[in-house]
Amino acid sequence: MEALSYLKSVMDSYHELSNDCWGELQQALRIKSFKKGTVLVNFGDIPTKFYFVYKGLVRAYSMGQDEAAKEVNKNFFDEGRFPSAVVATLDRTPSEICIETLEDSTLVEIDHTKYRELLEKYEDLKWYHIKYLEKHWVKEKEPVEISLLDGEAKERYLSFIAENPLLAKRVPLYHLASKLGITPTQLSRIRKTIN
């Protein structure tokens, strides 16, 4: 069960989980393999699960407001990350984002209801949860959102590759362009000026 050992090590890197907590949490986990292009959460789904990436790459995207911007990539999740339609899962409402594999992937599927029950029960799981959210939903997102408002496209690209050097090599350019709020042609031009 390498996938579960990896999940445990990632969670412990934020806050160590007790044996009791980990033992109960394992009951809410299932290891699954998905082909590239598999939709894990579709628009309108009311998700009851979220995922942990053991191997592979996943994206979260929404639909743009105008017809020219069809798909807008919100985030990419590689090994050690937790793709989820967070708002829909928490509120039990239809998802406004789609979660899709960009590579053949091995994921740990986590039952959200059971996870929430354990979050109420175990203080160590609460601390893990808080520290994960602080790092990935506050500290990482705020600078990115500010750069989208203030930064030029080249600065946004350079910032993305500096913060995600391995991910930048794996994400298809048209998906990366969408995440940066530019066209693939603009991104191609930016890359030529850098190389």
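Preceding this section is the structure that the text describes.
Residues numbered from 1 in each chain as written. Predicted model: local features only at pLDDT ≥ 70, side-chain atom pairs only at ≥ 80, totals over all residues. Heavy atoms only, no water.

1. Some words on the sheet that holds strand 3 (residues 49–55)
Strand order across the open sheet formed by three strands is 1-7-3, with antiparallel pairing between neighbours. Two strands close off the open sheet at either side, each with one partner strand: strand 1 (29–34) and strand 3. On average, adjacent strands in this sheet sit at an angle of 30° to one another, irrespective of strand direction. Sheet topology note: the strand 1/strand 7 (residues 105–111) ladder contains six bridges and is antiparallel. In the strand pairing of strand 7, Phe34 is matched with Ser105. Against the sheet, helix 1 (residues 2–14) engages strand 1, strand 3 and strand 7, with an angle of about 105° to strand 3. Against the sheet, helix 4 (residues 112–121) makes contact with strand 3 and strand 7, and its axis sits at roughly 60° relative to strand 7, the strand it touches most. (Pairing = 2+ DSSP bridges. Helix = DSSP H or I, 4+ residues; strand = E, 2+ residues; numbered from the N terminus. Axes fitted to C-alpha atoms, helices over the stretch in contact; angles between N-to-C directions. Contact = heavy atoms within 4.5 Å.)

2. Examining the packing of aromatic side chains
Using the criterion set out here, one finds 13 aromatic pairs in the structure. Judged by centre distance (5.1 Å) and plane angle (85°), the ring pair of Phe82 and Tyr132 falls under edge-to-face. Pair noted here: Phe82 is in the loop between strand 5 (71–77) and helix 3 (86–91) and Tyr132 is in helix 5 (residues 123–139), with a separation of 50 residues, a long-range link. There is no split in this pair, since Phe82 and Tyr132 are both buried. Taken together through their ring pairs, the aromatic side chains of Tyr6, Tyr14, Phe50, Phe52, Tyr54, Phe82, Tyr115, Tyr128 and Tyr132 make up a single cluster. Its end group placed over the ring of Tyr61, Arg59 keeps NZ or CZ at 3.7 Å from the ring centre. (Phe/Tyr/Trp six-rings, centres within 6.5 Å; stacked < 30°, edge-to-face > 60°. Buried < 20%, exposed > 50% of the residue type's maximum accessible area, 1.4 Å probe, protein only. Lys NZ or Arg CZ within 6 Å of the ring centre and 35° of its normal.)

3. Some remarks on the pairing of strand 6 (residues 98–101)
Burial along strand 6 is two-sided: Cys98 and Glu100 and Ile99 and Thr101, pointing in opposite directions, are all buried. Relative to strand 6, strand 2 (residues 39–41) runs antiparallel, the two being bridged by two bridges. Pairing of Val39 across the sheet is with Glu100, part of strand 6. Two elements, strand 4 (residues 58–63) and strand 6, share four bridges in a ladder whose sense is antiparallel. For Tyr61, the partnering residue across the bridge sits in strand 6 and is Cys98.

4. With respect to the environment of Lys74
Along the polypeptide, Lys74 turns up in strand 5. For the pair Lys74 and Leu176, spaced 102 residues apart in sequence, the C-alpha separation works out to 9.8 Å. Lys74 has contacts with Ala60, Tyr61, Ser62 and Lys179, leaving out every residue within four places of it along the chain.

5. Here's the deal with the pattern of salt bridges
For the structure on display, the rule yields 10 salt bridges. Residue Asp111 is joined to Lys49 by a salt bridge in which the shortest nitrogen-to-oxygen separation is 3.3 Å. With a gap of 62 residues between them, Asp111 in strand 7 and Lys49 in strand 3 connect regions that are remote in the sequence. Since its relative accessible area comes to 22%, Asp111 is described here as partly exposed. (Salt bridge = Lys/Arg side-chain N within 4 Å of Asp/Glu carboxyl O.)

6. Examining the nonpolar core
Core analysis: the biggest nonpolar cluster contains 24 residues, and Met11, Phe82, Leu125 and Tyr128 have the highest contact counts within it. At the level of elements, helix 1, helix 2 (19–25), strand 3, strand 7, helix 4 and helix 5 are the ones that each hand at least two residues to this core. Looking at which element gives the most residues to this core, the answer is helix 1, with six residues. Non-local contacts of Phe82, meaning those with residues more than four positions away in its chain, are made with Leu7, Met11, Phe50, Tyr51, Phe52, Phe77, Ile110, Tyr128 and Tyr132. Of all hydrophobic cores here, the second largest spans 15 residues; its members include Ala153, Tyr157, Leu187 and Ile190. (Core = buried A, V, L, I, M, F, W, Y, C linked by side-chain atoms within 4.5 Å.)

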